[in-house]
Amino acid sequence: MSDTRFFVARDGQEIGPFTRNELLRAIADGRYGAGDFLWQDSVGEWLPLESVQPFDRQIGQTEVIDVVEPAPAPPQPPPLKTPHPDDVRILRGAPV
């Protein structure tokens, strides 16, 4: 899970920090929504709350939306090695 901290600005007041899940719950409870502004450390500027995912989808929803963390990329397979000439004959069904 991300360590990103979020802040909300309303009427000149900065509120927070929130984790993503805390802020999603607060939006679902109706405490924040369209017209509020969001700051996240990774962006470095205030943005309308309704323009930032996943918070834009939470506005107007009373149940907290299910936000799935992206799965880490699978490890790269080992590089293919050049087959030995004897391996090629076996694969082709040639006598050894």
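Before reading further, recall that the structure is shown in the block above.
All figures in this text were calculated on a predicted structure; none of them were measured in a lab. Residue numbers here run from 1 along each chain, matching the order of that chain's written sequence. Selection of residues for local features in this predicted model requires a pLDDT of at least 70, selection of side-chain atom pairs for listing and counting requires 80 or more, and totals for whole chains, interfaces and linings are taken over all residues. Here the side-chain values reflect all heavy atoms present in the structure, with hydrogen atoms and water set aside.

Asks: Which parts of the structure should I look at to understand the overall build of the chain?
Replies: From N to C terminus, the chain includes 3 helices and 4 strands. Taken from the N to the C terminus, the helices and strands of the chain come in the order β-β-α-β-β-α-α. Within the chain, the proportion of its 96 residues that are buried is 23%. Taking contacts inside the chain between residues at least 6 apart in sequence as the whole, the part at least 24 apart equals 43%. By definition, any uninterrupted DSSP run of H or I lasting at least four residues is a helix, any uninterrupted run of E lasting at least two residues is a strand, and each is numbered from the N terminus. Per-residue accessibility, obtained with a 1.4 Å probe over protein chains only, is compared with the maximum for each type, and a residue is labelled buried under 20%, exposed over 50%, and partly exposed between these values. Any two residues having at least one pair of non-hydrogen atoms within 4.5 Å are treated as being in contact.

Asks: Please explain the pattern of salt bridges as it appears in this structure.
Replies: Opposite charge on two side chains permits them to pair, given that their charged atoms come into close proximity. Any carboxyl oxygen of Asp or Glu that lies within 4 Å of a side-chain nitrogen of Lys or Arg is treated as forming a salt bridge with it. Inspection of the entire model under this criterion finds 3 salt bridges. Between Arg5 and Asp41 there is a salt bridge, with its nearest N and O atoms 3.1 Å apart. With Arg5 in the segment before β1 (6-10) and Asp41 in the loop between β3 (37-40) and β4 (46-48), this residue pair connects regions lying 36 residues apart in the sequence. Using a relative accessible area of 41% as the deciding quantity, one classes Arg5 as partly exposed. Between Arg25 and Asp29 there is a salt bridge, with the nearest N and O atoms lying 3.0 Å from each other.

Asks: Please explain the nonpolar core as it appears in this structure.
Replies: Across soluble globular proteins, nonpolar side chains show a tendency to be buried alongside one another. Judged by nonpolar contacts, the single largest core of 13 residues is most densely connected at Leu23, Tyr32, Leu38 and Phe55. Elements supplying a minimum of two residues to this core: β1 and α1 (20-28). Ranked by residues supplied to this core, first place goes to α1 with 4 residues. Aside from chain neighbours lying at most four places away, what touches Phe55 is Phe6, Arg20, Leu23, Leu24, Ile27, Leu38 and Leu49. Put simply, a nonpolar core is a bunch of buried Ala, Val, Leu, Ile, Met, Phe, Trp, Tyr and Cys residues held in one set by side-chain atoms that sit within 4.5 Å of each other.

Asks: How should unusual backbone geometry be read in this particular structure?
Replies: Residues apart from glycine generally show negative phi values, whereas peptide bonds are mostly found in trans. For the bond running from Gly16 to Pro17, omega is 10 degrees, close enough to zero to count as cis. Tracing the sequence through the fold places Pro17 in strand β2 (residues 13-18). For Asp11, which is not a glycine, the phi torsion comes out positive at approximately 50 degrees. Here Asp11 shows up in the loop between β1 and β2.

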